[in-house]
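So the chains spell out like this:
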Amino acid sequence: MTHLIRELQKREEKLFHCVHCGFCLPACPTYTRLGDEADSPRGRLHFMRAIVEGRLEPDSPAVTRHLDRCLGCRACESVCPSGVEYGQLLEGAREVVARAGGASFLTRLLPAVMGRPVLLRPAMLLARIVRGTGILDRAVRRLSGEGWSGQVRLGLGMMAATSPPRLLSRSMSPNELLGPEEKMDAEMPGETMGHGTRAAVFKGCVQEGLLGRVNHATARVLNANGFKVVDVPGQGCCGAVHAHTGGLKGARELARRNIRAFERAGAGVVAVNAAGCGATMKEYPHLLGDDPEYGTRARDLAARVRDISEILGTADVRVGGRLPMRVTYDAPCHLLHAQRISAQPLAMLESVPGLELVPLRGHEECCGGAGVYGITHPELGGRIGKDKVRAIVSTGAQAVATGNPGCMMQIGAGLRMAGVAVDVVHPVELLDESYRRGGLYR
Amino acid sequence: MDGNDLTEPLPLQLLRDLQAAVGTDWIFSDPDRMVVYETDAQTAHSQAPHAVVLPATTEEASEVVHALHGHGILMIPRGAGTGLSGGAVALRGGVVVGTSRMTGILEVDHENRRALVQCGVLNNDLNAAVAPYGLHYAPDPSSQSACTIGGNVAENSGGPHCLKYGVTSRYVTALRVVLPDGRVTWLGGQGREQGAFDLAGLFVGSEGCFGLATEVEVALLPLPEAARTLLVIFETIEDAGRAVTAIISRGLLPAALEIVDRNTIRAVEASIFAAGYPTDAGAALVVEFDGVEAGLERHAEEAARCCLDAGAREVRHAESDQERMALWKGRKKAFGAMGRLAPDLLVQDATVPRSRLPGVLARISEIARRYDLQVANVFHAGDGNLHPNLVYDRRDPEEGRRVEQASAEIMKVCVEAGGTITGEHGVGVDKRKYMHLVFSPAELEILRGVKQVFDPMGLCNPGKVLPDGQEAP
């Protein structure tokens, strides 16, 4: 066991930044619902410290349960005066726990599929076929929310939630691939923000598999704003799910693969429309900090990574046609807390003419998505998810916008299970729709 | 020693009684899990409890306490664990009764400017609930984003604005308490003056030694119409201290007068709560006036003049509410930001007469130098309430000893200057050893007698406040 603990000890200095002030407690969705400090950021850091000090074993059921119960939303980092890098410490601790044999089957299954295109592609294809039959929505309506069936229902609901939104025009074709030289906008004005910069779109695994329309919208909108969108063959899963579940080795392999792919493409900007992926890619330098070959290259890539809202949430973004819709915005944790991006997505939505943006109570709190949290922790995940759905419904919005596939799926499933007809969209889709209506894509 | 044998598990019948009181989900006793409850925000004192129970109502809390009493098991109340004197630590074992589920705001009576809340409500949440009525709950401990009203009652908490508004005891009008044997009673008049002995007043500041206050009735004040906030930069902390004395002796009544020194400024400015305090300054003073708009400007100008006369380098005015909030965030998150200086810290909490501030601050710097320690000062200068933070690393036991010794010397200096051993953090475990410095044997006798009245069996938060010969020297 000692060699595992040494992994945590390497992070000891960071751990000791925590002075136990407790300011993180009210920001933690699990603590505010469970009231147990073992389910608070301070408590989890205390567990880690006890492991380092040799007072607790990493496979102690208490440690496993409470570290596992963390959503990884990192809301605690946004309120920590001492700047404790909780997310990175959690990844390290989960690796120690996983190697000590504490990780569950599902937590191991998911990264195994997502990191392997051979498994991922057929899985996604199958999911799209099933989704196309409409059977998912019927199942969500019929299945009971109790026990085992409730977990299946949530899983199916999450898949159904990736269906195209009812209020927007259907994309050209569900899974068209945008070629590198494809001209989306022949009459692009010269004074646009991109000035012909080569921009790559990071496609991701679930995003590309189930929400390909968001990637296409991203490419179109970038193109319309003067970026030259280039294709990046060889890119793959960002490794977030691996890192979050203690598979740091797998995450590093995927990071290296992406670094190579994006280096070859020579893009000045790497646009990411999945907050979780963006956060992970911006942290590649930390992940590969000890790698003599890839350390610098990781920093190079990370410096080019931008969330799509960072690119488009500025005054220079082109204005499209009217889109008279009442929309609310939920901040993905990995955008707000991990990447500290709050104003830009709102600016992006406010740039859409006719769109009425209504504030969402608790928009800064996790939706309970956190990978497959609702399936691994049905009771608690369900409570967190229902709170989010209630808040969304109370806004009276026709659509909720959020920039992360996990959140789109979790919120979409929650709305479906509650029988509420509110669309879930990515903010870039609304901009895309506004451009289409404004005739910017001719 | 008194207390529950730390190696003995709790009686099975007691566990069953506790489960019957709160349900199986809300009692934990797995020893590994107890590790997270071994300290509060004062990490120098550490002991895991036997179990933790989280009741949701006064009735559940009463059943829990009654069961503990019946089995002779110690009861340790705990709010959010943000306390700075070790008050929520199960020093001698026993069961922690946490208030994290008692978060209901039971009543806001805006016409009579009062509210009734459960003890686990956060100070900030109470303020958010009453703000729509143009009201606020005045005591504003720096930890108000995380600390609970129940904890504020236990510690009689203060905060930056208590210079003008006074501390918790001034605002608590009634308490519903679970006595150490489980009986439930109201203390105080619930909105009316009761006369006779002020039992609610006695309970406020009792640091969990008299029982558990589960419901708290508080008086609210109208939100001030306007505010003026100055950030004054000084080359030395002594100059800042002199400015404070000058402002007060001029007859001005600021709502808050707060000093942060160079080390604190550096920690805060490195954090996400950076407020634009200049990192090359010796100290910064935050001065705030609030109330009706008329006159505020003149008071602020007069205070600015006092500061310049005392040698201030620069006076800045907060131009917007946003700037004002940023200044306050920087100040209020200062304690939490100390982790940037070292892994551990001992924050002291002593009060001296304002006029003695410059001299005492110089003595503190001298003591820190002599013990080769880094000290970061952040404090409520207006009421002479000092918070020297001694930062250290507990992995170095020798440094830990130096901190202990320096801390004791600082205490002595404050008491010799006519001060006392705690301004607002409470005595807890940490300051029992200094009690004899400020209390006469007769007073200590009376304090023990009062404790005896509430808790004859000595089951309620033992090892806190009152010296009993078992405190570390």
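Residues numbered from 1 in each chain as written. Chains lettered and ligands numbered in written order. Predicted model: local features only at pLDDT ≥ 70, side-chain atom pairs only at ≥ 80, totals over all residues.

### Side note on the overall build of chain A
What counts is decided by this rule: Under the DSSP-based scheme used, a helix requires at least four consecutive residues in state H or I and a strand at least two consecutive residues in state E, with every element numbered from the N terminus. Our radius of gyration looks at C-alpha atoms and nothing else; its globule reference is 2.2 Å times the residue count to the power 0.38. Once C-beta atoms have been placed from the backbone, residue pairs whose C-beta atoms lie within 7 Å are recorded as contacts.
Scanning chain A for helices and strands turns up 24 helices and 8 strands. Taking 442 residues into account, the globule formula puts the C-alpha radius of gyration at 22 Å, and chain A, at 21 Å, falls close to it. C-alpha atoms of chain A, sized along the principal axes, occupy 65 × 50 × 40 Å. Here the analysis covers contacts within chain A between residues at least 6 apart in sequence; of these, 80% occur between residues at least 24 apart.

### Describing the overall build of chain B
The following threshold applies: Any residue whose C-beta has 12 or fewer other C-beta atoms within 10 Å is treated as exposed, any with 20 or more as buried, and any in between as partly exposed, C-beta atoms being built from the backbone.
Looking only at helices and strands, chain B features 16 helices and 20 strands. For chain B, whose C-alpha radius of gyration is 22 Å, the value lies close to the compact-globule estimate of 23 Å for 473 residues. For chain B, the C-alpha atoms occupy an extent of roughly 70 × 55 × 45 Å along the three principal directions. Here chain B, with 473 residues, has 56% of them falling under the buried criterion. Nonlocal contacts in chain B, meaning residues at least 24 apart in sequence, comprise 73% of its contacts between residues at least 6 apart.

### Brief notes about the domain arrangement of chain B
Interfaces are often sized by the accessible area lost when the parts come together. All names here are of chain B. For the record, the criterion: Where each domain begins and ends follows an automated or database-derived domain assignment. For this scheme, ten residues count as nonpolar: Ala, Val, Leu, Ile, Met, Phe, Trp, Tyr, Cys and Pro. Four count as charged, namely Asp, Glu, Lys and Arg, and the remainder, Gly too, count as polar.
Here chain B is partitioned into domain 1 (12–98), domain 2 (105–222) and domain 3 (226–416). Counting from both sides, the interface comprises 6 residues of domain 2 and, opposite them, 13 residues of domain 3. Here the side of domain 2 that touches domain 3 is built from residues that sort into 2 nonpolar, 3 polar and 1 charged.

### A word on the sheet that holds strand S5 (residues 105–109) of chain B
Residues and elements named next belong to chain B. What counts is decided by this rule: DSSP bridges decide pairing: two strands pair if at least two such bridges lie between them. Helix axes are fitted only over the stretch in contact, all axes being lines through C-alpha atoms; the angle between N-to-C directions runs from 0 to 180 degrees.
The 5 strands lie next to each other as S5-S6-S10-S8-S9, forming an open sheet whose pairing is antiparallel. Since the sheet does not close on itself, it has two edges, and those belong to S5 and strand S9 (184–188), each with one partner. Going from strand to strand, the sheet's axes swing by 15 degrees on average, the running direction of each strand aside. Note: strand S6 (residues 114–118) against strand S10 (residues 212–219), 5 bridges, orientation antiparallel.

### Remarks on helix H6 (residues 86–99) of chain A
Residue and element names in this part refer to chain A. Definition in use: Multiplying 1.5 Å by the helix residue count minus one yields the expected span of that helix.
Taking 1.5 Å per residue, 14 residues should reach 20 Å; H6 reaches 20 Å between its end C-alpha atoms and fits that length. Along H6, 12 of the 14 residues are buried, which leaves the element largely enclosed by surrounding structure. The complete set of buried residues in H6 reads Tyr 86, Gly 87, Leu 89, Leu 90, Glu 91, Gly 92, Ala 93, Arg 94, Glu 95, Val 96, Val 97 and Ala 98. Among the residues trailing H6, Gly 101 stands out with phi positive, at a value near 95 degrees.

### Details of the confidence of the model for chain A
To be explicit about the condition: Confidence per residue, as judged by the predictor, is encoded in pLDDT with a range of 0 to 100.
The pLDDT averaged across chain A works out to 86; a share of 91% of its residues lies at or above 70. Predicted confidence is poor over residues 171–187 of chain A, with pLDDT under 50, and the contacts of this stretch with residues over four places away or in other chains come to 23 contacts.

### Quick notes on the interface of chain A and chain B
Between chain A and chain B, the contact holds 26 residues from the first and 33 residues from the second. Only helix H4 (41–52) and helix H5 (61–68) of chain A provide two or more residues apiece to the side of chain A that touches chain B. Per-element accounting of the side of chain A that touches chain B gives the leading share, 4 residues, to H4 of chain A.

### Some thoughts on helix H9 (residues 262–269) of chain B
Taken together, the buried positions of H9 of chain B are occupied by Arg 262, Thr 264, Ile 265, Ala 267 and Val 268 of chain B. Those residues of H9 of chain B that are buried lie in contact with strand S13 (256–261), strand S14 (283–291), helix H11 (321–332), helix H12 (334–337) and strand S18 (374–380) of chain B.

### A few points about the nonpolar core
Operational definition: The nonpolar core is taken to be a set of buried Ala, Val, Leu, Ile, Met, Phe, Trp, Tyr and Cys residues joined by way of C-beta atoms within 7 Å.
Ranked by internal contacts, the top residues of the largest apolar core, which has 289 residues, are Val 232, Ala 284 and Leu 285 of chain B. Not counting the four nearest positions on each side in its chain, Ala 284 of chain B is found in contact with Leu 231, Val 232, Ile 233, Val 260, Ile 265 and Tyr 277 of chain B.

### Looking at the environment of Leu 444 of chain B
All names here are of chain B. Tracing the backbone shows Leu 444 in helix H16 (residues 441–454). The class of Leu 444 is partly exposed, set by 14 C-beta atoms lying within 10 Å. Along the sequence, Leu 444 and Leu 466 sit 22 residues apart, while their C-alpha atoms lie 7.7 Å from each other. Apart from the residues within four sequence positions on either side, Leu 444 is in contact with Met 435 and Phe 439.

### Focus on the domain arrangement of chain A
All names here are of chain A. When its domains are assigned, chain A resolves into domain 1 (2–103), domain 2 (106–158), domain 3 (198–312) and domain 4 (320–437). In this structure, domain 2 and domain 4 have C-alpha centres spaced 21 Å apart. If you look at the interface, domain 2 gives 13 residues, while domain 4 gives 11 residues. Taken together, the elements giving at least two residues each to the side of domain 2 that touches domain 4 come down to helix H7 (105–114), helix H9 (135–142) and helix H10 (147–160). If one sorts the elements of the side of domain 2 that touches domain 4 by residue count, H10 sits on top with 7 residues. Along the lines of polarity and charge, the residues of the side of domain 2 that touches domain 4 split into 5 nonpolar, 6 polar and 2 charged.

### Some details on unusual backbone geometry
All names here are of chain B. For Asn 156, which is not glycine, the phi torsion reads 45 degrees and is therefore positive. By the secondary structure assignment, Asn 156 is in the loop between helix H5 (149–155) and helix H6 (162–165). The phi dihedral of Val 465 is positive, around 65 degrees, even though this residue is not glycine. Among the secondary structure elements, Val 465 is positioned in the segment after H16. Judged by the 23 C-beta atoms lying within 10 Å of it, Val 465 is buried.

### Here's the deal with the pairing of S13 of chain B
For a regular strand, side-chain orientation follows a simple rule: the groups alternate between the two sheet faces. All names here are of chain B. Counting buried positions over the 6 residues of S13 gives 6, a clear majority of the element. Direction of pairing for S13 relative to S14: antiparallel, over a ladder of 6 bridges. Its bridge partner lying in S14, Leu 257 is registered against Val 287.

### Here we look at the packing of H5 of chain A against H6 of chain A
Residues and elements named next belong to chain A. Which entries qualify depends on this criterion: Roughly parallel refers to an angle under 35 degrees, roughly antiparallel to one over 145, roughly perpendicular to one between 65 and 115, and oblique to any angle outside these ranges. Handedness of each helix crossing follows the sense of rotation of the near helix against the far helix: counterclockwise by less than a right angle gives left-handed, clockwise gives right-handed.
Here H5 crosses H6 at 135 degrees, and the two axes come no closer than 11 Å. Relative to H6, the element H5 lies oblique. You can see that H5 and H6 cross each other, and the crossing is left-handed. Of the residues in H6, those in contact with Val 63, Thr 64 and Leu 67 of H5 are Ala 93, Arg 94 and Val 97. The residue makeup of the contact of H5 with H6, split by class, is 4 nonpolar, 1 polar and 1 charged.

### A closer look at the packing of H10 of chain A against helix H23 (residues 405–417) of chain A
Residue and element names in this part refer to chain A. Contact geometry for H10 and H23: axes closest at 7 Å, N-to-C directions at 110 degrees. In terms of axis orientation, H10 runs roughly perpendicular to H23. Our pair here, H10 against H23, has a crossing hand that is right-handed. In contact with Arg 153, Leu 154, Gly 157, Met 158 and Ala 160 of H10, H23 contributes Met 409, Gln 410, Ala 413, Arg 416 and Met 417. Within the contact of H10 with H23, the residues separate by chemical class into 6 nonpolar, 2 polar and 2 charged.

### Describing the sheet that holds strand S4 (residues 95–98) of chain B
Residue and element names in this part refer to chain B. One open sheet accounts for 4 strands, arranged S1-S2-S4-S3; its pairing is mixed. Whereas interior strands pair on both sides, the edge strands pair on one side only; in this sheet they are strand S1 (27–28) and strand S3 (75–78). For S3 and S4, the ladder comprises 4 bridges, and the chain directions are parallel. What sits directly across from Pro 77, in S4, is Val 97.

### Some details on the confidence of the model for chain B
Looking at chain B as a whole, the pLDDT averages 91, with 97% of positions reaching at least 70. Predicted complex metrics record ipTM = 0.91 and pTM = 0.89.

### Quick word on the environment of Val 453 of chain B
Residue position: Val 453 of chain B is located in helix H16. Along the sequence, Val 453 of chain B and Asp 125 of chain B sit 328 residues apart, while their C-alpha atoms lie 34 Å from each other.

### Things to note about the pairing of S14 of chain B
All names here are of chain B. Most of S14 is tucked away, with 8 of its 9 residues classed as buried. Looking at chain direction, strand S12 (residues 226–234) and S14 are connected through 9 bridges and run antiparallel. Residue pairing in the sheet places Ile 233 in a bridge with Ala 284 of S14.

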